[in-house]
Amino acid sequence: MALPTPSTYTATLESLRQQPPQCPPPPKPTTSSSSAPAPPAASSPTAYLTILLLEAGQDHNRDESIYTPALNTQLLDDPSFDWQYISTPQPGLNGRTVKQPRGRVLGGSSAINSYALIYPSAAGLDALAELGNDGWDWAGMKPYFQKFLTVCAPSETVRRELRLSHNDGSVRETCGPLRACFPQVVYPRQKVWVETFRTLGLKNRVEAMDGKALGGCISTCHIDGETRERSHAGSAFFAPVRERANLRLVCGATVRWIVFDKEADGLLKATGVQYTVNGVEHQVSVRKEVVLAAGVFGSPQILELSGIGNPRVLGDHGIDVAYANPNVGENLQDHMRAALLFEAGDGVEFEPSLPEAEARRLYETSRTGPGAERACHAFAYMPLQPFLSSEEKEDLRSVLDKHLIDPSFSPFEQKRNKFVRRMIESPNEATVTAYFAPRPAPDPAGKPMLALLSMLSYPLSRGTVHICSPDAFAKPTIDPGYYYTHPLDLEVHARHMHPLEKLAQTEPLRSLIKPGGARLPEDHDTLTLERAKRLVQAHASTNYHPCGTCGMMPESTGGVVDARLKVYGTRNVKVVDASVMPIIPRGNIITTVYAVAE
């Protein structure tokens, strides 16, 4: 029973779609103790299993705004595709509110995002298992990162020119419904990006899906290499099986609450779901289970509307407590990004542009041109330690001692802090994901700029999302709290401005930047640490990767779901979306969402 995120289709249709013959089933997640609950047996696609998929949005699979790569920016803030969530005023941003776009359409946020497929670190997933989630370590999860997608093999020119870290074996081993591809055309800036990291000794020596990738790389994006259309949960997972007799899709369905019966042992058993379509109330009976994939904001909202949550929050809105769990809606986290922009040198070429009408005609007739290629592929798994002097490393060590060591921290905080410190102090772990994008004319003078961006991998700042009304149509109150409310985030992110400067001063990237040219924000060429902090605080923004509000870990340490994704206090309700991640993965989280759902 689901709303609008990619995991909906992966999870609910796994029992329906047949395994491709060339793709052997991945092993079951490993367990580190005999007391761990056994994985449920896989369901066979027999007539007894029927699935109702409740989608709050509409089926726009054949809308050109969805399938055309270059049109993705038109989807944001459009109520036909976007939930249009917005944060509360943020003190750390001088009272500004921040838009929080989420997909309200078949395919969820995978149908409106910006395509990049970035993989988590092996250490990050091992930390997930160490929180009490047996089987969710890198060894147990790795097969599922290959199972959800098929990577289209790159051309020899692309492989040679861009020094791709993906090897032939890993590409062949992918065999899932989602389609992913490399750039079809090599642009000079992509080559420059990878070569600059090689100059700095950060050549990516391992396979991108290895979990230990480091340095500059050219990533895949979820665009079909043959059709040149967006490949997303709605088109890749749902469309091929939509005609099956035991599957029904209801669009425009707003879930009101889950109906529960309390059993003799005290557990809640879901017996029905109340929902509304076009103003008409419906209730459907549940025979097996309810699977929530309503996303980081929607899943905790539905649980609270159903009486599962903090008694204080529920009581404020007149909702009877079915099961008290104050962890619901807590632990909200996201990646923050900060950027330095440099004026491009004279004669530096960006991707060729065409008048919109001509670009649209070219795409619709041959699936070529700017409309087929507008996606960011230039990323880097970037450590902090190689860019620090001995004195700076010692200073950072003191900062970490100050903010990460305290006997009053909860067990969860102690484990999380130990992991984050290990990542920050390692020269082989990415403390940010960096990426490189041209900005044709972002400044008032109309000068073309080159943007270097860093996305903080493992922030400690946390926020909340809770209902503001018993009305399911009222958007929840979203207080991100991840705008540097934890002081260490600002300390670490500010220190990453210097590596961006270093990149800009290193060949061959340096040759693309105009000597003495414009810079944004102004005066960032003379950054002190304190100035870098002010710059980051004034200009950083979310990278739109919220997660964590229904964390998977023991309830006593802050969990909402257990290691089988079952909601505590219930017998047959699960959550399978980004809200279950108790510690945010590095980089774009969509690959982890798909793998968790598989």
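Everything quoted here is computed from the prediction, not taken from an experiment.

A look at the sheet that holds strand S10 (residues 253-262)
- Taken in spatial order, the three strands of this open sheet run S10-S11-S12, and their pairing is antiparallel. On the outer flanks of this sheet lie S10 and strand S12 (280-285), each paired with one strand and no other. Within the sheet, the average angular offset between the axes of one strand and its neighbour, ignoring direction, is 25 degrees.
- Pairing of S10 with strand S11 (residues 268-277), which is carried by nine bridges, proceeds in the antiparallel orientation. Each residue of the ladder has a partner; that of Asp261, found in S11, is Lys269.

Description of the side chain of Ser457
- Summarising the element assignment, Ser457 is placed in the loop between strand S19 (449-456) and strand S20 (464-466).
- We classify Ser457 as buried; its relative accessible area is 0%.
- In this structure the side chain of Ser457 is engaged in a polar contact, spanning 3.0 Å, whose partner is the backbone oxygen of Ala430.
- Within the structure, the side chain of Ser457 is placed 3.2 Å from the backbone nitrogen of Val432, a separation counted as a polar contact.
- Setting aside residues up to four positions removed in sequence, Ser457 forms contacts with His335, Ala430, Thr431, Val432, Thr433, Ile584, Pro585 and Arg586.

Thoughts on unusual backbone geometry
- For the bond from Glu507 to Pro508, the omega torsion is 5 degrees, close enough to zero to count as cis.
- Relative to the helices and strands, Pro508 resides in the loop between helix H15 (497-504) and strand S22 (519-520).
- Following Leu520, the chain continues to Pro521 via a peptide bond in cis, the omega torsion being -15 degrees.
- Within the secondary structure layout, Pro521 lies in the loop between S22 and helix H16 (529-539).

Looking at the pairing of strand S16 (residues 336-343)
- Across the eight residues of S16, seven count as buried, placing the element largely inside the fold.
- The pairing of S16 with strand S23 (residues 541-542) spans two bridges and is antiparallel. Looking at the pairing, Arg337 lines up with Ser541 of S23.
- Judged from the seven bridges that link them, S16 and S19 form a sheet pairing that is antiparallel. From the neighbouring strand, Ala339 faces S19, where its bridge partner is Leu453.

Examining the nonpolar core
- Grouped together as the largest cluster of nonpolar side chains are 145 residues, with contacts concentrated most on Trp193, Leu452 and Met497.
- Setting aside residues up to four positions removed in sequence, Trp193 forms contacts with Gly216, Cys217, Ala378, Phe379, Ala380, Ala434, Tyr435, Phe436, Leu452 and Leu503.

Side note on the confidence of the model for the protein chain
- Here the protein chain averages 89 in pLDDT, while 90% of its residues score no lower than 70.
- Contacts of residues 1-22 to residues separated by more than four positions or lying in other chains number 96 contacts, the stretch itself having pLDDT below 50.

Examining the environment of Tyr381
- Counting through the fold element by element, Tyr381 comes out in strand S17 (residues 378-382).
- Residues Tyr381 and Lys533 lie 152 residues apart in sequence; the distance between their C-alpha atoms is 22 Å.
- Apart from the residues lying within four places of it in its own chain, the contact partners of Tyr381 are Ile118, Tyr119, Asn204, Ala208, Ala213, Leu214, Gly215, Cys217, Ala430, Val432 and Arg586.
- A distance of 3.3 Å separates a polar side-chain atom of Tyr381 from the backbone nitrogen of Tyr119.

As for helix H12 (residues 390-404)
- End to end, H12 covers 21 Å across 15 residues, agreeing with the expected 21 Å (1.5 Å per residue, within 8%).
- Looking at H12, one finds that the buried residues are Leu396, Val399, Leu400, His403 and Leu404. Along H12, the residues classed as buried sweep out an arc of 100 degrees about the axis, all on the same side. Within H12, the exposed residues directed more than 90 degrees away from the buried face are Ser390, Glu391 and Lys402.

Quick look at the UniProt feature "domain: Glucose-methanol-choline oxidoreductase N-terminal" (unreviewed entry) in the protein chain
- According to UniProt, the positions carrying the feature "domain: Glucose-methanol-choline oxidoreductase N-terminal" (unreviewed entry) are residues 94-336.
- Helix makes up 28% of residues 94-336 and strand makes up 23%, while its end C-alpha atoms are separated by 16 Å.

Some details on the state of the cysteines
- Using the criterion set out here, one finds zero disulfides in the structure.
- For the unlinked cysteine Cys152, the closest cysteine sulfur is that of Cys181, found at 6.0 Å.
- The class for Cys152 is buried, based on a relative accessible area of 13%.

Digging into the side chain of Thr542
- Position of Thr542 relative to the elements: it lies in strand S23.
- The exposure class assigned to Thr542 is buried, which follows from its relative accessible area of 0%.
- One polar contact links Thr542 to Asp334, side chain to side chain, over a distance of 2.4 Å.
- At 2.9 Å, the side chain of Thr542 forms a polar contact with the backbone nitrogen of Tyr544.
- For Thr542, the contacting residues outside a window of four places in its chain are Val98, Lys99, Asp334, His335, Met336, Arg337 and Tyr483.

Notes on the environment of Glu507
- Here Glu507 shows up in the loop between H15 and S22.
- Given the relative accessible area of 41%, Glu507 is considered partly exposed.
- It is 35 Å that separates the C-alpha atoms of Glu507 and Tyr363, two residues lying 144 residues apart in sequence.
- Among the polar contacts made by the side chain of Glu507, one reaches the main-chain amide nitrogen of Ser511 at a distance of 3.2 Å.

As for the packing of aromatic side chains
- Counted by the stated rule, this structure contains eleven aromatic pairs.
- With 5.0 Å between their ring centres and 75 degrees between their planes, Tyr85 and Phe297 make a pair best called edge-to-face. In this pair, Tyr85 sits in strand S2 (residues 85-86) while Phe297 sits in helix H9 (residues 295-305), placing the two residues 212 residues apart along the sequence. Side by side, Tyr85 and Phe297 carry an identical accessibility label, which is buried.

Some details on the pairing of S11
- Burial of S11 is extensive: eight of the ten residues sit out of reach of the surface.
- Linking S10 back to S11 in an antiparallel pair, the connection comprises five residues, with Gly266 at a positive phi of about 90 degrees.
- Between the antiparallel neighbours S11 and S12 lie two residues, among them Asn278 with a positive phi of about 55 degrees.

Details of the pattern of salt bridges
- Tallying each qualifying case throughout the model produces 30 salt bridges.
- The partner of Asp395 in a salt bridge is Arg495, with the nearest N and O atoms 2.6 Å apart. In this pair, Asp395 is assigned in helix H12 and Arg495 in helix H14 (residues 487-495), connecting sequence segments 100 residues apart.
- One connected set of salt bridges, linked through shared partners, spans Asp395, Glu491, Arg495, Glu530 and Lys533.

Calculation criteria
Residues numbered from 1 in each chain as written. Predicted model: local features only at pLDDT ≥ 70, side-chain atom pairs only at ≥ 80, totals over all residues. Heavy atoms only, no water. Pairing = 2+ DSSP bridges. Helix = DSSP H or I, 4+ residues; strand = E, 2+ residues; numbered from the N terminus. Axes fitted to C-alpha atoms, helices over the stretch in contact; angles between N-to-C directions. Buried < 20%, exposed > 50% of the residue type's maximum accessible area, 1.4 Å probe, protein only. Polar contact = N/O pair within 3.5 Å; in protein donor to acceptor, adjacent residues only side chain to side chain. Contact = heavy atoms within 4.5 Å. Core = buried A, V, L, I, M, F, W, Y, C linked by side-chain atoms within 4.5 Å. pLDDT = per-residue confidence, 0-100. Expected span 1.5 Å × (residues − 1). Arc of directions from axis to C-beta. UniProt positions renumbered as here; feature names shortened; annotations may be inferred. Disulfide = S-S within 2.5 Å. Phe/Tyr/Trp six-rings, centres within 6.5 Å; stacked < 30°, edge-to-face > 60°. Salt bridge = Lys/Arg side-chain N within 4 Å of Asp/Glu carboxyl O.

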